[in-house]
Amino acid sequence: MDSVMERYCLDSNIYIEMKNGPYGFDIAPGFWMWVEHEAEAGVLYSPEAVHRELLSYKDELSEWIRTRQATSLFADPPNREVQGLYRQVGDFVQTSYPSLQVADFLSGADPWVIAQAWNDRSIVVTHEARVDASSRKPKIPNICEHFGIRYIKLYDLLRIRGARLGG
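Read on for an overview of the structure. Only a predicted model underlies this, so the values are computations on that prediction, with no experimental measurement involved.

**Describing unusual backbone geometry**
One non-glycine residue, Lys 58, lies in positive phi territory at about 55 degrees. With respect to the helices, strands and loops of the structure, Lys 58 is situated in the loop between α3 (48-55) and α4 (60-66). Backbone geometry places Arg 121, a non-glycine residue, at a positive phi of 60 degrees. Relative to the assigned elements, Arg 121 resides in the loop between α7 (110-120) and β3 (123-125).

**Description of the sheet that holds strand β4 (residues 151-152)**
Within a sheet, neighbouring strands are paired by backbone hydrogen bonds and run either parallel or antiparallel to one another. Strand order in the open sheet made by the four strands is β2-β1-β3-β4, with parallel pairing throughout. Looking at the sheet topology across the chains shown, the edges are occupied by β2 (44-45) and β4. With three bridges connecting them, strand β1 (residues 8-10) and β3 associate as parallel partners. Residue pairing in the sheet places Leu 10 in a bridge with Val 125 of β3.

**Quick look at the nonpolar core**
Judged by nonpolar contacts, the single largest core of 56 residues is most densely connected at Tyr 15 and Phe 31. Look past the residues within four positions of Tyr 15 in its chain and what remains in contact with it is Leu 10, Trp 32, Val 35, Ser 46, Val 50, Leu 54, Leu 61, Trp 64, Ile 65 and Leu 73.

**Quick notes on the pattern of salt bridges**
In total, this model carries seven salt bridges according to the counting rule given. Lys 19 is the partner of Asp 59 in a salt bridge, and the nearest nitrogen-oxygen pair spans 2.9 Å. Note that Asp 59 is positioned in the loop between α3 and α4 and Lys 19 in helix α1 (residues 12-20), a separation of 40 residues in sequence. A relative accessible area of 18% places Lys 19 in the buried class. Arg 161 is paired through a salt bridge with Glu 38; the nearest N and O atoms lie 2.5 Å apart. Of this pair, Arg 161 sits in the segment after α9 (154-160) while Glu 38 sits in helix α2 (residues 29-40); the two residues are 123 residues apart in sequence, bridging distant segments of the chain.

**Some points on the side chain of Thr 126**
The residue Thr 126 is located in the loop between β3 and α8 (140-147) in this model. Polar side-chain contacts of Thr 126 include one of 3.1 Å to the backbone nitrogen of Glu 128. The residues touching Thr 126, leaving out its near neighbours within four places in the chain, are Asp 11, Asn 13, Ile 14, Ile 140, Pro 141, Ile 152, Lys 153 and Leu 154.

**Quick notes on the side chain of Ser 46**
Its location among the elements puts Ser 46 in the loop between β2 and α3. Here Tyr 15 takes part through its side chain, which lies 2.7 Å from a polar atom of the side chain of Ser 46. Non-local contacts of Ser 46, meaning those with residues more than four positions away in its chain, are made with Cys 9, Leu 10, Tyr 15, Leu 73, Phe 74 and Ala 75.

Reading the values: the criteria
- Residues numbered from 1 in each chain as written.
- Predicted model: local features only at pLDDT ≥ 70, side-chain atom pairs only at ≥ 80, totals over all residues.
- Heavy atoms only, no water.
- Helix = DSSP H or I, 4+ residues; strand = E, 2+ residues; numbered from the N terminus.
- Pairing = 2+ DSSP bridges.
- Core = buried A, V, L, I, M, F, W, Y, C linked by side-chain atoms within 4.5 Å.
- Buried < 20%, exposed > 50% of the residue type's maximum accessible area, 1.4 Å probe, protein only.
- Contact = heavy atoms within 4.5 Å.
- Salt bridge = Lys/Arg side-chain N within 4 Å of Asp/Glu carboxyl O.
- Polar contact = N/O pair within 3.5 Å; in protein donor to acceptor, adjacent residues only side chain to side chain.

Okay, here's the thing in structure tokens:
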């Protein structure tokens with residue numbers, strides 16, 4: 001399949017780590033313009049749960065997110081299919097990890113990122129790294145692998161999409 005036709009579902013940590021790190025709003029406004037452009041083109045998005053999670057921070061990022069609530073950057077509220085896939089993710093996590101880790105994982109946006117991408121046949125974009133099977137903490141890459149969902153890092157996405165952020 002042509003990479004132009006692929007869609008990418010961004011995890012919360014993409015926005016957070018880029019804002020706090022190499023692509024701060026004051027350092028690399030081109031990154032944020034690129035995100036908006038790619039969202040408008042229907043190439044990348046995040047589930048509604050990422051929107052809610054990022055709004056809770058009450059910072060420059062939450063303000064940026066708030067002003068983009070009604071854009072193509074965020075998916076509609078989860079439909080029945082996405083909710084069903086979320087339940088499958090939750091069931092797997094509950095049977096595979098300690099209950100304290102399960103509660104923490106299920107309270108955030110991560111399972112919704114996985115369920116939304118699974119439903120849409122999108123590729124998950126996360127900064128999380130796959131961990132050894134003996135890990136007691138659920139990680140997006142491990143869960144994606146279990147369900148056959150593709151995932152990549154942000155820098156891979158930037159290269160795949162031929163992003164040019166200035167200069």
